[in-house]
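Listed below are the residues making up each chain.
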Amino acid sequence: MYAPLLRQSMKTKTKVLWLLSLWGASGLICPVFGAEPAPGSPVKKSKAAESGKSTEPRKRISNEEMAAMAGVGPDGTFGPSDDFGRVLNEALKREPVAKNGRRAADINVKYGDHERNTFDLWRSDARDPAPLVIFIHGGGFRRGDKALLYNSSVLADLLDAGFSVAGINYRFAKQSPEGSLGSMKDTARFVQFMRHHAKTYNIDPHKIACYGGSAGAVASLWLALTDDMAEPGSQDPIARESTRLNCVGAMATPATQDVLKWVDILGISREQAMGFSKALGGIESEADLFTEKNIRLRQQTDLITLMSRDDPPMFVHNSETGEVPTGYGHMAHHPNHARALKQRADEVGMEAVVYAPEIGLVDPSGDSLVSFFARHLLPKAAAVRSKP
C-alpha cells in the first residue's frame with residue numbers, strides 16, 4: 001500500500017538532522033489552499049523577541065525527542081535496518097517506567113476490539129480525580145508504539161506536575177478500511193472510553209488533553225478540531241461520551257493532510273505535492289484526488305478547514321529550518337505549517353501558542369508544552385506558567 005519513502009537531509013543551527021515523513025496513509029489530498037505569505041518571508045516577532053529577550057519555551061523539547069515522537073530516524077532511512085526501527089525496537093524492550101522512576105499503574109489495557117487498541121496509564125498521586133494527558137505516537141500511521149513514551153522527559157515532567165498520563169496504540173492505516181482516518185477514530189474512542197471509566201481510573205472527565213508528533217500530531221489536532229463525535233442515542237454507553245478536548249499539543253506537525261494545499265504553504269510546485277502523495281501510495285494521478293471518497297476524506301481530515309473559534313487551545317512546535325523544502329520529510333514537518341496554523345487560529349479567534357523558531361515565530365508566553373497544559377488543566381495554573 002505504501003511506496004518507500006525517500007532519504008531526506010536537513011540542517012538546523014546546531015546539527016544536521018535526517019528527517020523523513022512517516023505520517024499519513026490515504027487521504028493526503030486536494031485543492032490549493034488560499035494565499036499564504038511567501039515561504040521564507042519574514043515573520044513579525046514579538047516585542048520580547050525584538051528586544052533580544054529569549055522567548056524560547058522552558059524545558060524545550062529537544063530535536064531528538066521531537067524526532068522520536070514523530071517516528072523519524074536521524075539517518076533518514078526506512079526499512080528493516082533504519083534508525084527509527086532501532087529506536088522503536090529499543091523502546092519495546094523497556095519497561096513502562098518514566099525517567100523519574102514511576103511505573104505505569106495500568107499496562108496494555110484494552111479499550112477497543114482490535115489487538116492494537118491498548119493503553120498504558122500512569123495515575124496521578126493526587127487523591128482527587130486528576131486531569132488526563134494522552135500521548136499519541138508517531139510513525140506514519142504505519143508503525144510506532146506507545147512504548148516510545150517511556151523514555152520521554154515530557155512524561156516525567158507531566159507526572160511531576162500532577163497529571164495522569166496515558167500512552168495509546170491504535171490501528172495502523174492498513175488495518176482499517178478508512179486508512180489513517182480509522183487510526184484517528186481509534187483515538188476518539190479512547191477519549192470516550194476514559195470518560196466512561198473516569199471513576200475507575202480516578203481521572204477528571206472534564207479535563208482531558210492529548211499531544212503527539214507528526215502522525216501523532218495530526219491525530220491530536222484532528223481530535224481537537226473535529227466536532228463532538230458523541231452519539232447520544234447509541235446503545236453503546238461509551239459511544240455516548242464526548243470526544244472533545246480541553247487543549248492539545250502538536251510537534252513537527254503538518255498544517256493539513258491536503259497536500260496540494262502545501263503548494264501555497266511551502267512554496268513547492270503542484271508536481272512536488274503530487275509526488276509526495278504518490279510516494280505514500282494509494283494515489284496514481286491527480287484525478288484520484290477528486291473521487292467522491294477522497295473529497296469526503298479531505299473534508300473530514302483537513303485540519304485548517306476544521307478549525308473554528310470554539311475549538312480548544314493548541315500548542316504547536318515545529319523546529320525545522322525555513323528554506324523551501326525539496327525532500328518529503330522537510331515538506332511534512334516544515335515550520336511554515338506552524339505559521340499556517342497560527343494564522344488560521346488568529347482568523348477564527350482560537351487560542352494558539354505556536355513556536356517555529358527557525359523562522360522567528362515564538363510566543364511571548366514562554367510556555368512549554370507542560371506549562372501550557374498546566375495552565376489550562378491544573379487548579380493553580382498560573383503558578384506553573386513558565387517565564388522566559
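Right, let's walk through the structure included here. Just so you know, these numbers come straight off a predicted model, no measurement behind them. (Residues numbered from 1 in each chain as written. Predicted model: local features only at pLDDT ≥ 70, side-chain atom pairs only at ≥ 80, totals over all residues. Heavy atoms only, no water.)

### Some remarks on the overall build of the protein
No. 1: Counting its secondary structure elements, the protein contains 15 helices and ten strands.
No. 2: The buried share among the 388 residues of the protein stands at 60%.
No. 3: The long-range fraction of contacts in the protein, counting pairs at least 24 apart against all pairs at least 6 apart in sequence, stands at 74%.
No. 4: For the protein, the exposed surface amounts to about 15200 Å²; the carbon and sulfur share of it is 51%. (Helix = DSSP H or I, 4+ residues; strand = E, 2+ residues; numbered from the N terminus. Buried < 20%, exposed > 50% of the residue type's maximum accessible area, 1.4 Å probe, protein only. Contact = heavy atoms within 4.5 Å. Areas by Shrake-Rupley, 256 points an atom, 1.4 Å probe, with all protein chains shown as cover.)

### Brief notes about the pattern of salt bridges
No. 1: With the rule as written, the count across this model stands at 14 salt bridges.
No. 2: Measuring nitrogen to oxygen at the nearest pair gives 2.1 Å for the salt bridge that ties Lys 261 to Asp 302. Taken as a pair, Lys 261 in the loop between strand E8 (247-251) and helix H8 (262-266) and Asp 302 in the loop between helix H10 (292-301) and helix H11 (303-306) lie far apart in primary sequence, 41 residues in all. Assigned by exposure class, Lys 261 and Asp 302 land together as buried.
No. 3: When the shortest N-O distance is used, the salt bridge between Asp 346 and Lys 342 registers 3.4 Å. Here the residue Asp 346 and the residue Lys 342 both occupy positions in helix H13 (residues 335-348), the gap between them amounting to four residues, near one helical turn.
No. 4: Several salt bridges converge on common partners, so that one network encompasses Asp 258, Lys 261 and Asp 302. (Salt bridge = Lys/Arg side-chain N within 4 Å of Asp/Glu carboxyl O.)

### Points about unusual backbone geometry
No. 1: Even without a glycine there, the phi angle at Asn 108 is positive, about 55 degrees.
No. 2: Take Asn 108: it is sitting in strand E3 (residues 106-110).
No. 3: Taking the relative accessible area as the measure of exposure, Asn 108 reaches 46% and is therefore partly exposed.
No. 4: Phi at Asn 202 takes a positive value of approximately 55 degrees, unusual for a residue other than glycine.
No. 5: If you trace the backbone, Asn 202 turns up in the loop between helix H6 (198-201) and strand E7 (203-213).

### Structural notes on the packing of aromatic side chains
No. 1: One pass over the structure, following the stated rule, counts eleven aromatic pairs.
No. 2: With centroids separated by 5.9 Å and ring planes inclined at 65 degrees, the aromatic side chains of Trp 122 and Tyr 150 adopt a geometry described as edge-to-face. Here Trp 122, found in strand E4 (residues 118-122), pairs with Tyr 150, found in the loop between strand E5 (130-136) and helix H4 (153-161); they are 28 residues apart in sequence, far enough to count as distant. Considered together, Trp 122 and Tyr 150 belong to a single accessibility category, that of buried residues.
No. 3: Chaining the aromatic ring pairs together yields one cluster made of Phe 135, Tyr 211, Phe 315, Tyr 355, Phe 372 and Phe 373. (Phe/Tyr/Trp six-rings, centres within 6.5 Å; stacked < 30°, edge-to-face > 60°.)

### Focus on H4
No. 1: What H4 keeps buried is the set Val 154, Leu 155, Ala 156, Leu 158 and Leu 159.
No. 2: You can read the cap of H4 off the contacts: a side-chain oxygen lies 3.0 Å from the backbone nitrogen of Val 154, and it is on Ser 152.
No. 3: Remark: Gly 162 follows H4 within two positions and exhibits a positive phi of approximately 110 degrees. (Polar contact = N/O pair within 3.5 Å; in protein donor to acceptor, adjacent residues only side chain to side chain.)

### Here's the deal with the sheet that holds E3
No. 1: Ordered by their spatial adjacency, eight strands build an open sheet running E3-E4-E6-E5-E7-E8-E9-E10, and the pairing between neighbours is mixed. Either end of the sheet is taken by a strand with one partner, and the two such strands are E3 and strand E10 (352-355). Within this sheet the neighbouring strands show an average axis-to-axis angle of 20 degrees, counted without direction.
No. 2: Against the sheet, helix H14 (residues 369-377) touches E5, E7, E8, strand E9 (314-317) and E10, its axis set at about 170 degrees to E8. (Pairing = 2+ DSSP bridges. Axes fitted to C-alpha atoms, helices over the stretch in contact; angles between N-to-C directions.)

### Structural notes on the pairing of E4
No. 1: Most of E4 is tucked away: five of the five residues are buried.
No. 2: Residues Thr 118, Asp 120 and Trp 122 point to one face of E4 and Phe 119 and Leu 121 to the other, with burial holding for every one of them.
No. 3: Sheet analysis places E3 next to E4, joined by three bridges and oriented antiparallel. Paired with Asp 106 across the strands is Leu 121, a residue of E4.
No. 4: Inspection of the sheet shows E4 paired to strand E6 (residues 164-168) by four bridges, in the antiparallel sense. Within E6, the position partnered with Asp 120 by the bridge is Gly 167.

### Some details on the packing of H4 against H14
No. 1: At a closest axis distance of 10 Å, the pairing of H4 and H14 adopts a crossing angle of 30 degrees. Classified by the interaxial angle, the pair formed by H4 and H14 is roughly parallel. Between H4 and H14 the crossing geometry is right-handed. Of the residues in H14, those in contact with Val 154, Asp 157, Leu 158 and Ala 161 of H4 are Leu 369, Val 370 and Phe 373.
No. 2: In terms of residue class, the contact of H4 with H14 is made up of six nonpolar, no polar and one charged. (Parallel < 35°, antiparallel > 145°, perpendicular 65-115°, else oblique. Left-handed = near helix turned anticlockwise from the far one by under 90°. Nonpolar A, V, L, I, M, F, W, Y, C, P; charged D, E, K, R; others polar.)

### Quick notes on the environment of Asp 204
No. 1: Relative to the assigned elements, Asp 204 resides in strand E7.
No. 2: Measuring from C-alpha to C-alpha, the distance between Asp 204 and Pro 129 comes to 4.9 Å, with 75 residues separating the pair along the chain.
No. 3: When near neighbours in sequence (up to four residues on either side) are disregarded, Asp 204 contacts Pro 129, Ala 130 and Pro 131.

### Focus on the state of the cysteines
No. 1: Using the criterion set out here, one finds zero disulfides in the structure.
No. 2: The thiol of Cys 247 is unpaired, and the distance to the nearest cysteine sulfur, on Cys 210, comes to 8.8 Å.
No. 3: Since its relative accessible area comes to 0%, Cys 247 is described here as buried. (Disulfide = S-S within 2.5 Å.)

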